Amino acid sequence: MELKDLYEGFRNPQTIKSFASEIAKEAESLAEPLRVMEVCGGHTHTIMKYGLLQILPKNIKFVHGPGCPVCIMPKERIDHAISLAKMDNTILCTLGDMIRVPGSYSSLALERAKGADIRALYSPLDVIKISKENSNKNVIFFAIGFETTTPMTAAVIDYVVKNRISNVYFHINHVLVPPAVRAIMNPRKAKINAFIGPSHVSVITGSKIYEPLSDEYKTPIVVSGFEPVDVMEAILLLVKQKNVGKAEVEIEYKRSVTRDGNIKAQELIEKYLEVRGHFRWRGIGDIPESALKLKNEYSYLDAEILFKDRLSNEEIDDHKQCICGTILQGLAYPQDCKVFAKVCTPSNPLGSCMVSDEGACNAYYRYGSIDNE
Amino acid sequence: MRTIDMGVLIMSNSVQLSQGGGAKESNALVNDLFYKYFSNEILLKSEDAAILQVNKNIAFTTDSYTVNPIFFKGGDIGKISIAGTTNDLSMMGAKPLYLSCGFIIEEGFSYDDLEKIVKSMAGELKNSGAKIVCGDTKVVPRGSVDKIFINTSGIGEVEVENISSHNLVQDDVILVSRDIGAHGATILSEREELSITSDLHSDCASLWSIVEKVFKNNITPSAMRDATRGGLAAVLNEWAETSNVCIELQEDAIPVENEVRGICEIFGFEPTDFANEGTFVLSVKECDAKKTLEILKEYSKNAAIIGKISKKRVGKVIINTVYGSSRYLDMPKGELLPRIC
């Protein structure tokens, strides 16, 4: 079997076209336009890459959610990463786009060019290897991501604790999906009336975490895979729920997601991490109980505590012209922003949504939506 | 500068910092390695500069090679340093003739590895018929470079004039000489931290023979470009901008091998962003497209017509998907970083 055998069916043009025509038929009965938020940046990427918007009826609109771990990182925390990386005798490890995002005065990429030892990891477990090869240095893992990447961080912590590795520290920035959805829905201005639930987050958490949300906001939520066929099927399920007046959690991504999720991963996370009181989200602001931190008994591994003298928590907001917060609530689209693609570009992002590949403005900038021009 | 300017000593089978010019051992390096493998009349004259005779307009280019790892499936830093520079000449319609070659070597570098690299360069030179006619070697203290860097400059005689990224016009057809992204995917998969095993091979190769064949069939491409760093996406975006045209691609026509696609799936990359070292893109008149494809297919079964020039969005590259939708193909970002989730 080849890798393509695994995904080809989920990208089959005929299947996608069949879904498109069935959705078009069902959508005729919609009482109001479907304004569906795909919470996760991975879905934004799929929608833009495959141009799904163009093959869907006009009364189905996407609102691109806050589910990009790099985009939601406030500048003061990016500054933390930079300050940690600049310390003597230190290797700072992190994931993906975090390297590129500008903080208030620099970026990890710039600091790396100036000589700081900063590693973009492919797997968090590489932290262990790096720490062994550099036993005379402090290795700090700047951990980012939603529930998807948290178990890997927990696995690294587990290894470090059990093997008494003395040169690894953690700066935890793991965030949670449900509180972010609440923060977007609570102003009640938000025009979202359906959700596509995240794929890989749900593999870990299970779909049960969305049940209180669909009840509270009377909004259907369909957990979808990342492939275009998945997204099309999820849309069809959402439209069907709307048409019969249902607001339930459904799983489209059945090949990986269950109601209860990955219990072992959840246990590992609970062993080492706990919910923190407050976390500021770039573009949205403070959301109570929306992120994790190391439990007190592991504070000896917590870079945020150990190096707190070097880390300022003064809030640094985005440029006044930036309307990311409004975009995230579905009240505006990237092209409604005055600075979009003019002053604000992926190489010089003024706000969160332009920062990473998975941010809404970045996806619009990169793939454009040819129909939206 | 001498044609091969040496200031190095070979001891205990590794390259050492110079103990002073003209040492017996450094002459040995010139004679046993560079003169032996690169041997030609002009080089062996050993003058301060090579005297060259050229009859037509000259194309002139330079490139530095720093690839890591230095040996990879399908090539090595030496092979790339020859193929890369001769390809740049070929893409301008010039037959590669003469190259210069500068080595910057880290103290302690293995002599055997250096010989392997030089041998590989000599082998690759045969594919275009170009000659190395002058050179220079510097050995620098440990840590000043990463193992070995090579610079090659080259000149070639322009056989077909006016091939330029400014020349694309309405209804031109875009072709690619083989499947894309093999080099980028190979280098990525050989990086130690990924621990991937695969059968991927770099596409690293000299392209002059293919280009010559195209010319011999009286086909004059509007533009040609080897899709090196930045891949297909970079070439086409530069063309769309400089020629002020829209390039429309058919997504399912772009040839990508399964293993390359696999690497992209795992890490969230696009094959159109991956570097190639022996793959080129051509823009030809519509009436020449079929014949050009036939010629390219003699060298790779994966050669393909991938798109055409239109007026849809001037200065942009558009990909039409198999789903009936379309999107822009943007310039790749500088550093390829894997997606997080």
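These numbers come from a predicted model, not from an experiment. (Residues numbered from 1 in each chain as written. Chains lettered and ligands numbered in written order. Predicted model: local features only at pLDDT ≥ 70, side-chain atom pairs only at ≥ 80, totals over all residues.)

**Brief notes about the overall build of chain B**
And then number 1: Each helix and strand in chain B was counted, giving nine helices and 16 strands.
And then number 2: Classification of the 341 residues of chain B by burial places 48% in the buried group. (Helix = DSSP H or I, 4+ residues; strand = E, 2+ residues; numbered from the N terminus. Buried ≥ 20, exposed ≤ 12 C-beta atoms within 10 Å, placed from the backbone.)

**Some points on the interface of chain A and chain B**
One frequent convention defines the size of an interface as the accessible area lost when the parts assemble.
And then number 1: At the interface, 34 residues of chain A touch 21 residues of chain B.
And then number 2: Contributing elements (two or more residues each) for the side of chain A that touches chain B: α1 (3–7), α2 (13–27), α3 (41–49) and α15 (360–367) of chain A.
And then number 3: Within the side of chain A that touches chain B, the residues separate by chemical class into 17 nonpolar, nine polar and eight charged. (Contact = placed C-beta atoms within 7 Å. Nonpolar A, V, L, I, M, F, W, Y, C, P; charged D, E, K, R; others polar.)

**What to know about the domain arrangement of chain B**
Residues and elements named next belong to chain B.
And then number 1: By the assigned domains, chain B splits into domain 1 (4–158) and domain 2 (173–328).
And then number 2: Distance between the C-alpha centres of domain 1 and domain 2: 29 Å.
And then number 3: Counting residues at the interface gives 20 residues for domain 1, matched by 21 residues for domain 2.
And then number 4: Of all the secondary-structure elements, those providing two or more residues to the side of domain 1 that touches domain 2 are α3 (77–91), β7 (94–106) and α4 (111–128).
And then number 5: Per element, the largest residue contribution to the side of domain 1 that touches domain 2 is nine residues, and it comes from α3.
And then number 6: Here the side of domain 1 that touches domain 2 is built from residues that sort into eight nonpolar, eight polar and four charged. (Domains from an automatic or database assignment.)

**Focus: the packing of helix α6 (residues 208–216) of chain B against helix α9 (residues 289–299) of chain B**
Residues and elements named next belong to chain B.
And then number 1: Viewed as axis vectors pointing N to C, α6 and α9 meet at an angle of 150°, and their least axial separation amounts to 10 Å. In terms of their interaxial angle, α6 and α9 are classed as roughly antiparallel. Taken as a pair, α6 and α9 cross one another with a handedness that is right-handed. For the pair formed by α6 and α9, the contact residues are Ile210, Lys213 and Val214 on the first element and Thr292, Ile295, Leu296 and Tyr299 on the second.
And then number 2: The residue inventory of the contact of α6 with α9, partitioned by class, reads five nonpolar, one polar and one charged. (Axes fitted to C-alpha atoms, helices over the stretch in contact; angles between N-to-C directions. Parallel < 35°, antiparallel > 145°, perpendicular 65-115°, else oblique. Left-handed = near helix turned anticlockwise from the far one by under 90°.)

**Some remarks on α6 of chain B**
Residue and element names in this part refer to chain B.
And then number 1: Listing the buried residues of α6 in full gives Trp208, Ile210, Val211 and Val214. When α6 is viewed along its axis, its buried side chains cluster within an angular range of 165° and face the same direction.
And then number 2: Of the surrounding elements, those touching the buried residues of α6 are α3, β7, α4, β11 (223–226) and α9.
And then number 3: Of the residues one or two after α6, asparagine 218 is the one with positive phi, at around 60°. (Arc of directions from axis to C-beta.)

**Quick word on unusual backbone geometry**
And then number 1: Between asparagine 68 of chain B and the following residue, proline 69 of chain B, the backbone shows a cis peptide bond with an omega angle of 5°.
And then number 2: Among the structural elements, proline 69 of chain B can be located in the loop between β4 (58–65) and β5 (71–72).
And then number 3: Even without a glycine there, the phi angle at alanine 341 of chain A is positive, about 65°.
And then number 4: Looking at alanine 341 of chain A, the number of C-beta atoms within 10 Å reads 15, which means it is partly exposed.
And then number 5: At asparagine 244 of chain B, a residue that is not glycine, the phi angle is positive and equals roughly 55°.

**Topic: α15 of chain A**
And then number 1: Counting buried residues in α15 of chain A gives eight out of eight residues, a clear majority hidden from the surface.
And then number 2: Turning to α15 of chain A, its buried residues number three or more, namely Ala360, Cys361, Asn362, Ala363, Tyr364, Tyr365, Arg366 and Tyr367 of chain A.

**Some details on the packing of α3 of chain A against α15 of chain A**
All names here are of chain A.
And then number 1: Interaxial distance between α3 and α15 falls to 10 Å at its minimum, and their mutual angle equals 20°. Regarding the angle of α3 to α15, the classification is roughly parallel. By crossing handedness, the relation of α3 to α15 is classed as right-handed. Residues Thr44, His45, Met48 and Lys49 of α3 form the contact with α15, whose own contacting residues are Ala360, Ala363 and Tyr367.
And then number 2: Considered class by class, the residues forming the contact of α3 with α15 number four nonpolar, two polar and one charged.

**Quick look at the nonpolar core**
Residue and element names in this part refer to chain A.
And then number 1: Counting 119 residues, the largest nonpolar core has Val36, Phe141, Phe142 and Ile235 as the members making the most contacts within it.
And then number 2: At eight residues, helix α11 (residues 228–243) tops the list of elements feeding residues into this core.
And then number 3: Non-local contacts of valine 36, meaning those with residues more than four positions away in its chain, are made with Ile60, Phe62, Val63, Ala194, Phe195, Ile196, Ile235 and Leu238. (Core = buried A, V, L, I, M, F, W, Y, C linked by C-beta atoms within 7 Å.)

**Some words on the environment of aspartate 88 of chain B**
Residues and elements named next belong to chain B.
And then number 1: Relative to the elements of secondary structure, aspartate 88 occurs in helix α3.
And then number 2: With 60 residues separating them in the primary sequence, aspartate 88 and isoleucine 148 have C-alpha atoms 22 Å apart.
And then number 3: Setting aside residues no more than four positions away along its own chain, aspartate 88 makes contact with Thr61 and Asp63.

**Focus on the sheet that holds strand β9 (residues 249–251) of chain A**
Residues and elements named next belong to chain A.
And then number 1: Across the sheet, which stays open at both edges, the five strands sit in the order β2-β1-β7-β8-β9 with parallel pairing between neighbours. Among the strands making up the open sheet, the edge pair consists of β2 (60–67) and β9. Pairs of neighbouring strands in the sheet enclose a mean axial angle of 25°, with direction left out of account.
And then number 2: Pairing geometry for strand β1 (residues 34–40) and strand β7 (residues 194–197), over three bridges, is parallel. Considered in β7, the bridge of valine 36 is made with alanine 194.
And then number 3: Lying on the sheet, α3 is in contact with β1, β2 and β7; it crosses β1 at an angle near 120°. (Pairing = 2+ DSSP bridges.)

**Some details on the confidence of the model for chain B**
All names here are of chain B.
And then number 1: Mean pLDDT over chain B: 90, with 90% of residues reaching 70 or higher.
And then number 2: Ranking the helices and strands of chain B by mean pLDDT puts strand β10 (residues 173–176) first, with 98, and strand β1 (residues 4–5) last, with 49.
And then number 3: Here the predicted complex carries an ipTM of 0.76, next to a pTM of 0.84. (pLDDT = per-residue confidence, 0-100.)

**Focus: the pairing of β2 of chain A**
Residues and elements named next belong to chain A.
And then number 1: In terms of burial, β2 is a largely internal element, seven of the eight residues being buried.
And then number 2: As paired elements, β1 and β2 share six bridges and run parallel to each other. Paired with methionine 37 across the bridge in β2 is valine 63.
And then number 3: Chirality of the crossover, the property in question, places the unit of β1, α3 and β2 among those that are right-handed. (Right-handed = clockwise from strand over helix to strand, strands pointing away.)

**Some points on the environment of glutamine 170 of chain B**
All names here are of chain B.
And then number 1: Along the polypeptide, glutamine 170 turns up in the loop between β9 (148–158) and β10.
And then number 2: Between the alpha carbons of glutamine 170 and lysine 285 there is a distance of 9.1 Å; along the sequence they are 115 residues apart.
And then number 3: The residues contacting glutamine 170, other than those within four sequence positions of it, are Val245, Ile309 and Lys311.

**A look at the sheet that holds strand β5 (residues 138–145) of chain A**
Pairing between the strands of a sheet is mediated by backbone hydrogen bonds and can be parallel or antiparallel.
Residues and elements named next belong to chain A.
And then number 1: Here we have four strands laid out as an open sheet, ordered β4-β3-β5-β6, and parallel in their pairing. Two strands close off the open sheet at either side, each with one partner strand: β4 (117–121) and β6 (168–174). Put simply, the sheet's adjacent strands are angled 20° from each other on average, direction ignored.
And then number 2: Note: β5 against β6, seven bridges, orientation parallel. Directly across from alanine 143, in β6, lies its bridge partner isoleucine 172.
And then number 3: Sheet contacts for helix α6 (residues 126–133): β3 (90–95), β4, β5 and β6; angle to β5, the most-contacted strand, approximately 170°.
And then number 4: Along the sheet, helix α7 (residues 150–162) contacts β5 and β6; its crossing angle with β6, the most-contacted strand, is approximately 160°.

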